[in-house]
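Residue strings, one per chain:
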Amino acid sequence: SCRPYHRANAELECWVVQSISALVVVSCLVPPLGPFKLFFAYGATLLFVVASLSACTNANAGRTARYLRRVSRKSDVQEYIARYMEVDPTLEIKCECFRTSSESDRRRVSHRECKSFPFSTCSDSSTECVLPEDDAPVRLRLKLQVMLGDDQSRASFARVREAFARENSGRDAQYDQWYHFRLQGIDNELVAVTDPQHRPWYLSYRLYLLSHVLLLQCVFSLIFRRRTRKVNYTFVKTIIA
């Protein structure tokens, strides 16, 4: 599978830099003050600001941010899911051609390729999405399960993958191939509430970003998870090549 730089590592690094720079600023402002201390205080303040901006950028791609960007009424969420029951999935085969050095396991990718697997028909056998009827916000995670409907489709998919590997595997020293299904344009994480106009404070996207500046992102995310009810819903699709 694809191995991008882990987002959690970037968030942790920003939090560490923020914390260290904040401690340096506080320690440098303890009397007696002098030019040397003020120089370090200014530098640490600048580092804190840069780290805070980077933390907000990383937070924007985090899972909590993806939930908070789409907070909708429960009835609208059910309609949203019903619409995507009618949408056909996309099956993509992807690869990376790369090499690694003896000093590091980090990939040096030289080529990426993607190919869609064509199919003729698709049927949906998803169950109805039932959300809790109480007023508690629901943290909804949408998943997708796609099955190849017959032996001919499975054989066709195997041939396409083999041909794709032959075309690309010789481009570099190492080769990695994977495939995944997706529903075009869908938001996989969302929050369902009774009334979006009167949402609780822990569903505020602005407060979530502010928590990263105040070094409280872990506390905010913990409260968000504790105060919302998690529900997983799976779309089930069957395709015939």
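As shown above, the structure is provided for reference.
Scoring rules and cut-offs
Residues numbered from 1 in each chain as written. Predicted model: local features only at pLDDT ≥ 70, side-chain atom pairs only at ≥ 80, totals over all residues. Heavy atoms only, no water. Helix = DSSP H or I, 4+ residues; strand = E, 2+ residues; numbered from the N terminus. Buried < 20%, exposed > 50% of the residue type's maximum accessible area, 1.4 Å probe, protein only. Contact = heavy atoms within 4.5 Å. Areas by Shrake-Rupley, 256 points an atom, 1.4 Å probe, with all protein chains shown as cover. Axes fitted to C-alpha atoms, helices over the stretch in contact; angles between N-to-C directions. Pairing = 2+ DSSP bridges. Phe/Tyr/Trp six-rings, centres within 6.5 Å; stacked < 30°, edge-to-face > 60°. Lys NZ or Arg CZ within 6 Å of the ring centre and 35° of its normal.

**Quick notes on the overall build of the protein**
From N to C terminus, the protein includes seven helices and eight strands. For the protein, with 241 residues in total, the buried portion stands at 35%. The contacts of the protein with a sequence gap of at least 6 include a subset with a gap of at least 24, amounting to 81%. As displayed, the protein has an accessible area near 14,600 Å², and 55% of this comes from carbon and sulfur atoms.

**Some remarks on the packing of helix α6 (residues 205-213) against helix α7 (residues 217-227)**
Two elements in contact, α6 and α7, have axes separated by 7 Å at closest approach and are oriented at 145°. Here Leu207, Tyr208, Ser211 and His212 of α6 come into contact with α7, specifically with Gln217, Phe220 and Ser221.

**Overview of the sheet that holds strand β6 (residues 174-182)**
Ordered by their spatial adjacency, three strands build an open sheet running β3-β2-β6, and the pairing between neighbours is antiparallel. With partners counted over all chains shown, the strands left at the sheet margins are β3 (108-116) and β6, one partner each. Neighbouring strand axes in the sheet, compared pairwise and without regard to direction, differ in orientation by 20° on average. The pairing of strand β2 (residues 90-99) with β3 spans eight bridges and is classified as antiparallel. Paired with isoleucine 93 across the bridge in β3 is lysine 115.

**Notes on the environment of leucine 207**
Considering the arrangement of structural elements, one finds leucine 207 in helix α6. Residue classification places leucine 207 among the partly exposed positions, given a relative accessible area of 36%. Residues leucine 207 and phenylalanine 220, spaced 13 residues apart in sequence, show a C-alpha to C-alpha distance of 8.6 Å. Non-local contacts of leucine 207, meaning those with residues more than four positions away in its chain, are made with Trp201 and Phe220.

**Some points on the sheet that holds strand β1 (residues 71-73)**
On the basis of which strands lie adjacent, the open sheet formed by five strands has the order β1-β7-β5-β8-β4 and mixed pairing. Each edge of the open sheet carries a strand with a single partner, namely β1 and β4 (121-124). Taken over all neighbouring pairs, the strand axes of this sheet differ in orientation by 35° on average, direction set aside. Judged from the four bridges that link them, β4 and strand β8 (residues 229-240) form a sheet pairing that is antiparallel. In the sheet register, serine 123 faces β8, and the bridge partner there is threonine 238.

**Let's talk about the packing of aromatic side chains**
Applying the stated criterion across every chain yields a total of ten aromatic pairs. Taken together, a centroid distance of 5.9 Å and an interplanar angle of 45° make the contact between tyrosine 67 and phenylalanine 224 tilted. Of this pair, tyrosine 67 sits in helix α3 (residues 63-68) while phenylalanine 224 sits in helix α7, and the two are 157 residues apart along the sequence. Residue classification places phenylalanine 224 among the buried residues on the basis of a relative accessible area of 1%. The residue whose ring lies beneath arginine 70 is tyrosine 80, and the NZ or CZ to ring-centre distance is 4.1 Å. The residue whose ring lies beneath arginine 107 is phenylalanine 98, and the NZ or CZ to ring-centre distance is 3.9 Å.

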